[in-house]
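Now for the letters of each chain:
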Amino acid sequence: MAEKELMYGNHALVEGVIYAGCRFFAGYPITPQNEVPEYMSIRMNEVGGVFLQTESELAAINMLFGAASAGARAMTSSSSPGISLMQEGLSYIAGADVPVLVANIVRGGPGLGNIAPAQSDYFQSVKSGGHGDYHTIVLAPNSVQELFEFPKLAFELAEKYRNPALLLADGLLGQMMEPVEIKGEPVDPKSLPEQDWWLTGCKGRERRVIRSYDLRPGKLEEWNWRRWEKYQTIIKNEQRYEGIKIDDAEIIIVAYGTSSRVAEAGLRIAREKGIKVGLLRPITLWPFPADIISELSKRIENFLVIEMSLGQMIEDVKLAIEGRSKVHFIGHPGGGLPNAQEVYNKIVEIRGKK
Amino acid sequence: MKLLFGRPSGLTEIKQRYCPGCGHGIVHRIIGELLVEMNIREKAIGIAPVGCSVFADEYFNCDMIQVPHGRAPAVATGIKRARPDCFVFSYQGDGDLAAIGTAETIHAAARNENITIIFINNAIYGMTGGQLAPTTLPGMRSTTSVKGRDVVKQGYPIRVCELLNGLDGPYYLERVAVDTPKNIIKTKKAIKTAFQYQLDNKGFSLIEVLSMCPTGWGVTPIQAKKWIAEVMAKYYPMGEFRNRAKEVK
C-alpha cells in the first residue's frame with residue numbers, strides 16, 4: 001500500500017490539481033478556500049506553473065477561458081459569491097466547448113451569507129448557473145482523499161467531452177485534515193497531445209476560431225442540438241455514485257459530499273439497531289445518477305434526502321423516482337450541519353409512519 | 001500581370017460588414033498588413049470583442065477567439081501566460097473596454113501584461129444602436145442622451161490613455177486617429193511599435209484609435225472625418241502618452 005500523508009482539504013485539492021498536470025491557476029481570495037490560492041502560489045512556483053491572483057472572479061474565469069483555449073489544463077477555485085461572478089464566463093466557456101476546472105468550496109448563502117459549509121449551490125452547479133442551455137460536469141468529493149483524486153478525473157472528463165467541469169465541495173471538506181493516499185502516476189502536462197482545436201498560432205495549418213455565437217438563422221439551434229447530443233452521451237456514460245449497504249436496504253438515504261458522511265454515521269446507528277438502511281451517494285451531481293435511483297425506487301418505499309440546503313438535489317431524486325416512492329427530507333440551510341442522531345431519529349420516524 | 005495593391009494575407013477573403021465610412025475596416029487592414037509584414041501571422045492569437053467588431057474573428061487570418069464583453073484583457077492574459085511564444089492582441093471598442101471591461105483593462109495594464117490592445121474609440125455604442133458610451137463627449141447626442149450628454153446627470157467621459165498613464169505598469173500608450181491618410185500612417189506606425197514591444201517582451205501596450213461611426217453619429221462619412229479633427233481630437237488629444245523605451249535609463 002502506498003504511503004499515506006495527513007493533509008488539509010484545501011491543500012489536498014491543490015496537490016491533486018498539480019498531480020493532474022494543471023499548470024495554470026487564476027483566482028481571487030474568498031473564505032473558506034483561501035488556502036487554495038495561498039498554497040497554489042507556492043506550489044505553482046515550485047512546479048514552474050502559472051499562478052495569478054486576479055482583480056476579480058470575472059477576470060479569473062476569463063483567464064481560464066484563454067489559457068484552456070491555448071491548450072493549458074487550467075483551474076480556478078472560489079466559494080459561492082465568487083462562483084456567481086464566474087457564471088458569465090462559464091456560459092461562454094460552455095458555449096465555446098472549452099474544458100476548464102472550477103472548484104467551489106461552498107459557503108452559506110444567498111448573498112454574502114456566511115462562511116460556514118453549505119450545499120446551497122447545487123441548483124447553480126447542475127442546472128447551469130449562467131445564461132443559455134448548457135451543463136457543466138459536476139463532481140462532489142466527500143473526503144480529503146477525493147479532493148486529491150477528483151481533479152484528475154474532472155480534467156479527463158472535461159477534456160473528453162470538451163466541457164467545463166466543477167468540483168462541488170464545501171467549507172468543511174476544505175478545512176479538515178485526513179490521511180491521503182497518493183495514488184496513480186502524476187500527469188506530465190507536456191505529455192498531453194495537442195488537440196485539433198487549440199489556439200497555438202496557425203503555423204503550417206488553417207487558422208482556428210473559438211467562439212460561442214452563430215448569428216446565422218437556425219445555426220445556433222443546430223449547434224445547441226449537437227451539444228444536447230453530447231450531454232445525452234455524458235448522461236448515459238458518466239453517472240457515478242457510491243452505494244453503501246443498498247442491496248438489502250429498506251430505506252435509502254441519498255446524500256452527497258459532507259452530508260453523505262453524516263448520513264453514513266446515521267446509517268451505522270440504524271444498522272446497529274437492526275434497521276436496514278442504505279446510502280446512495282451521488283459522486284457526479286451532473287450527470288445525476290438517476291438510473292440507479294430509478295432502479296432502486298422499484299423496490300424501496302422510502303427515500304431520505306439529506307442536504308445542507310433548503311432542498312435542491314431532492315428535485316432530481318424525485319424526478320428519478322417518478323412518484324414510485326415517498327421522499328423525505330432533512331435540510332440545513334445557512335451553514336448548519338446535520339448530525340447522525342438526527343438522521344437516525346428521522347429514520348425511526350419514517351419507519352413509524354409505515 | 002503584377003498585383004500592385006490587394007488584400008493583405010493577414011485578412012481573410014470574407015467580405016466585411018462594416019458601414020460605409022466606418023473606421024474598423026481601416027484598422028483591420030493595418031493589423032492585417034502588420035501580421036504579414038512583421039511575420040507574426042502564424043504565431044498570432046487575436047481576441048475578438050463584443051460589439052460591431054465581434055466579427056473580427058472572421059476577418060483576421062490567424063487563430064482567433066471571441067470572448068465575453070469587456071473581458072478580453074483577462075482572456076489575453078490567460079493565453080499569453082499559457083503560451084508566451086504566441087503573439088496576443090485584443091481588438092476592443094469603447095463600451096467593451098471602458099465600461100464593462102474597465103477593471104480588466106486597468107489591471108492588465110497594471111500588471112504590464114505582455115499583450116497588445118487595439119482600442120477603437122468612436123465615442124458611441126455602434127452595434128446596439130448608438131447609445132451613450134463612456135467616451136461620449138459632453139453635449140454629444142446619443143439614443144440615451146437625446147438632448148446631448150449632460151455631465152451633471154450622466155457624468156464625464158473617460159480618457160483611457162490618460163487614465164492608464166496614471167499607472168506605473170503600462171509600457172506604451174498612444175492615441176491616434178484614422179480620419180486622414182497622414183493619421184492612418186501614424187496609426188500603423190503606432191500599432192507596429194506596440195506589436196514590436198510585445199515581441200521584445202516589453203509588456204503592455206494600448207493604442208487608442210479615434211475612429212468614425214457615421215451611422216451612430218447620424219452624419220455622412222465626410223462629416224464624420226471632419227468631426228474627429230474638429231471636435232473629438234480636441235477632447236481626446238492625440239500623441240504618445242507613455243513609451244518606456246524612451247524614458248531615461
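Residues numbered from 1 in each chain as written. Chains lettered and ligands numbered in written order. Predicted model: local features only at pLDDT ≥ 70, side-chain atom pairs only at ≥ 80, totals over all residues. Heavy atoms only, no water.

1. Remarks on the overall build of chain A
A tally of helices and strands in chain A yields 12 helices and 15 strands. Taken against the 2.2 N^0.38 rule, which gives 20 Å for 354 residues, the C-alpha radius of gyration of chain A at 21 Å falls within 12% of a compact globule. In terms of its C-alpha atoms, chain A occupies a principal-axis envelope of roughly 70 × 50 × 40 Å. Taking all 354 residues of chain A together, 60% fall into the buried category. For chain A, the share of sequence-separated contacts (at least 6 apart) that also reach a separation of at least 24 residues comes to 79%. When the accessible surface of chain A is split by element, carbon and sulfur atoms take 51% of a total near 14,200 Å². Between the mean site of the 39 positive side-chain charges and the mean site of the 44 negative ones, chain A shows a separation of 4 Å. (Helix = DSSP H or I, 4+ residues; strand = E, 2+ residues; numbered from the N terminus. Rg over C-alpha atoms; globule rule 2.2 N^0.38 Å. Buried < 20%, exposed > 50% of the residue type's maximum accessible area, 1.4 Å probe, protein only. Contact = heavy atoms within 4.5 Å. Areas by Shrake-Rupley, 256 points an atom, 1.4 Å probe, with all protein chains shown as cover. Lys, Arg positive; Asp, Glu negative; His and termini not counted. Charge placed at Lys NZ, Arg CZ, Asp CG, Glu CD.)

2. Considering unusual backbone geometry
All names here are of chain A. Pro 32 follows Thr 31 through a cis peptide bond whose omega is 10°. The residue Pro 32 is located in the loop between β2 (24-27) and α2 (35-47) in this model. For the peptide bond that leads from Gly 109 to Pro 110, omega is 5°, which places it in the cis range. Structurally, Pro 110 can be placed in the loop between β5 (101-106) and α5 (122-126). A positive phi is found at Ser 128, a non-glycine position, where the angle reads about 70°. You can see Ser 128 is positioned in the loop between α5 and β6 (137-139). Within the chain, Glu 322 stands out as a residue other than glycine whose phi angle is a positive 50°. Looking at the secondary structure, you find Glu 322 in the loop between α11 (313-321) and β15 (326-331). Taking the relative accessible area as the measure of exposure, Glu 322 reaches 58% and is therefore exposed.

3. Topic: the packing of helix α1 (residues 9-19) of chain A against helix α6 (residues 144-161) of chain A
All names here are of chain A. At a closest axis distance of 7 Å, the pairing of α1 and α6 adopts a crossing angle of 25°. Relative to α6, the element α1 lies roughly parallel. The hand of the α1/α6 crossing is right-handed. Across the interface between the two elements, Gly 9, Ala 12, Leu 13, Glu 15, Gly 16, Val 17 and Tyr 19 of α1 pack against Val 144, Leu 147, Phe 148 and Pro 151 of α6. (Axes fitted to C-alpha atoms, helices over the stretch in contact; angles between N-to-C directions. Parallel < 35°, antiparallel > 145°, perpendicular 65-115°, else oblique. Left-handed = near helix turned anticlockwise from the far one by under 90°.)

4. Focus: the nonpolar core
Counting residues in hydrophobic clusters, the biggest one holds 119 residues, and the most contacted among them are Phe 65, Met 75 and Ile 293 of chain A together with Leu 206 of chain B. Looking at this core element by element, the count peaks at 10 residues for α6 of chain A. Not counting residues up to four positions away in its chain, the partners in contact with Met 75 of chain A are Leu 13, Val 17, Cys 22, Phe 24, Phe 25, Ala 26, Met 40, Leu 64, Leu 101, Ala 103 and Phe 155 of chain A. Counting residues in each nonpolar core, the second largest holds 45 residues, with Val 27, Ile 191, Tyr 197 and Met 232 of chain B among its members. (Core = buried A, V, L, I, M, F, W, Y, C linked by side-chain atoms within 4.5 Å.)

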